[in-house]
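Coordinate analysis (summary)
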Amino acid sequence: MRAAVLHEIGQDKLEVFDDVEAVGSGPGRVRVRVRATGLCHSDLSAMSGVLPQPAPFVPGHEGAGEIIEVGENVSHLKPGDRVVLCWLPACGGCPACRRGQTELCLAGFMNAGTPNFRRPGGDVFGFAGTGTFAEEVVVDAGCAVPIPDDVPFDIAALIGCGVTTGLGAALNTADVQAGSSVAVIGCGGVGISAVQGARLKGAAEIVAVDPVASRREAALRFGATRAVSPDELPGARQEVTAGEGFDYVFEVVGRSATARTAYENTRRGGTLVVVGAGAVDDFLQLNMFELFFDEKRILPSLYGGGDVLRSYERAIALWRAGRIDLAGLITHRVPLAEINEALDQMRTGTALRTCIEI
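Cut-offs and rules
- Residues numbered from 1 in each chain as written.
- Predicted model: local features only at pLDDT ≥ 70, side-chain atom pairs only at ≥ 80, totals over all residues.
- Heavy atoms only, no water.
- Salt bridge = Lys/Arg side-chain N within 4 Å of Asp/Glu carboxyl O.
- Helix = DSSP H or I, 4+ residues; strand = E, 2+ residues; numbered from the N terminus.
- Buried < 20%, exposed > 50% of the residue type's maximum accessible area, 1.4 Å probe, protein only.
- UniProt positions renumbered as here; feature names shortened; annotations may be inferred.

**Structural notes on the pattern of salt bridges**
- In this structure the tally under the stated criterion is 22 salt bridges.
- For arginine 226, the salt bridge is made with glutamate 205, and the minimal N-O distance between the two is 3.8 Å. A residue pair is termed long-range when its members are at least 10 positions apart, and arginine 226 in strand β14 (residues 226-228) and glutamate 205 in strand β13 (residues 205-209) qualify at 21 residues.
- Overall, the relative accessible area of 28% leaves arginine 226 in the partly exposed class.
- Overall, the relative accessible area of 25% leaves glutamate 205 in the partly exposed class.
- A salt bridge links arginine 347 to aspartate 344; the shortest N-O distance between them is 3.6 Å. Of this pair, arginine 347 and aspartate 344 are both found in helix α12 (residues 339-348), three residues apart, which corresponds to roughly one turn of the helix.
- Of the residues examined, aspartate 344 reaches a relative accessible area of 36% and is grouped as partly exposed.
- Ionic contacts of the salt-bridge type, sharing partners, join the residues Lys13, Asp344 and Arg347 into one network.

What follows is the structure in C-alpha cells.
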C-alpha cells in the first residue's frame with residue numbers, strides 16, 4: 001500500500017512509497033482504510049523534532065475512514081463501519097480515567113513506541129500511534145470511534161484533532177463566560193476552532209492575532225470581532241479593554257515567546273489557556289511576584305481538556321445544527337502523492353487545514 005514516510009527527524013520532505021505494510025493485527029485491534037486526513041501543525045513539529053517521535057515514521061493523526069478488518073474480542077465494530085481515528089484513546093481503568101480526566105490517559109502514548117508499519121528496509125512507526133498519511137492503518141479498537149453515516153470523512157477527520165482541541169479549549173478548559181473579552185494568538189485550524197468556541201460561549205469581543213493576512217481575514221468569517229497582526233495587539237488591547245488586558249487569552253502557537261505575550265495581555269485575575277504543543281527545551285519564564293500579585297490563571301489544554309468521545313459527539317451536534325463551520329476550515333485539498341505541497345501550505349500559513357484525500 002502507499003504511505004508517506006519521513007526517514008529522519010529534521011528532514012522537511014516526505015517520500016511516498018507503495019511498498020508499505022500496515023502491521024499489528026490481532027486481538028483487540030482493527031484495520032482501517034483511511035479515506036481522508038488533515039495536516040495538523042503537530043505533524044510538522046514531529047518532523048522537526050519539536051515533539052518526540054521515533055523515526056522513520058508515517059506522519060498524520062487527524063484521520064477518518066472505514067473498518068476493513070476486526071480482530072478477536074472486538075464486538076462494537078465491524079467491517080464497513082465509518083470511524084474517526086482517535087490518537088489519544090482512554091483505557092477506562094487508569095487513575096486519570098477513573099477521575100473523569102480521560103484526556104490525561106497515557107495508554108495512547110504507549111502505542112507511539114510500537115511500529116505500525118513495515119517496509120522492506122525495516123519497521124516504520126506511526127505518529128502518535130496512528131500514522132494517517134497511509135492508505136491503511138492498524139490500531140487498537142479504542143482508537144476507532146464510530147461516526148454517523150451523514151458525517152463526511154473530511155469533516156470527521158477535522159474532529160479527530162484540530163476542531164476538538166480548539167473548541168474544547170474554549171468550552172471545557174476556559175469555560176469562557178458570556179460578555180467577556182477574548183484574544184486568540186495563532187489562527188490556524190486549531191485557533192479558528194477556539195474562535196468558534198468563544199463565539200458559541202457568548203464572548204463579546206474576540207480578537208484574532210496572526211501574522212498572516214489570509215488567516216486574519218478567515219478569523220473574521222468564523223466569529224472574531226477584530227483581527228490584528230502581532231504588532232497591532234497592543235492597540236487592540238487598549239481599544240477593547242482600555243489597556244487592562246483580556247479576560248481570556250488563548251496561545252495556539254506552542255512557543256514560550258507567544259505564551260509570554262499571551263500572559264502579558266491577560267488581565268489581572270484573567271485566564272491564559274495554553275493550547276499549542278511546544279518543545280521540551282522551550283521554557284516560559286515567569287517571576288514569583290507576578291504569579292502571586294497578578295493572580296492570573298494559567299490553564300494548559302490537552303486535546304480540548306475534556307472527555308474526547310463526548311467532545312466528538314458535541315462537535316458533530318454543533319456542526320449539524322449549523323452552529324460551527326467545519327467545511328470552511330478546509331481551504332486546500334491534495335492527493336497523497338502531493339503531500340509535500342500540503343506541508344508547504346502549512347508552513348507558509350496559506351492553509352487553515354489541508355485535506356489529504358487518500
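**Topic: the environment of glycine 189**
- By secondary structure assignment, the location of glycine 189 is in helix α6 (residues 189-200).
- Judged by relative accessible area, glycine 189 falls into the buried class, the value being 5%.
- Sequence separation between glycine 189 and phenylalanine 117 is 72 residues; the distance between their C-alpha atoms is 28 Å.

**What to know about the UniProt feature "domain: Enoyl reductase (ER)" (unreviewed entry) in the protein**
- The UniProt entry lists residues 10-352 under the feature "domain: Enoyl reductase (ER)" (unreviewed entry), expressed in the numbering used here.
- The straight-line gap between the two end C-alpha atoms of residues 10-352 is 23 Å; of that span, 31% is helix and 24% is strand.

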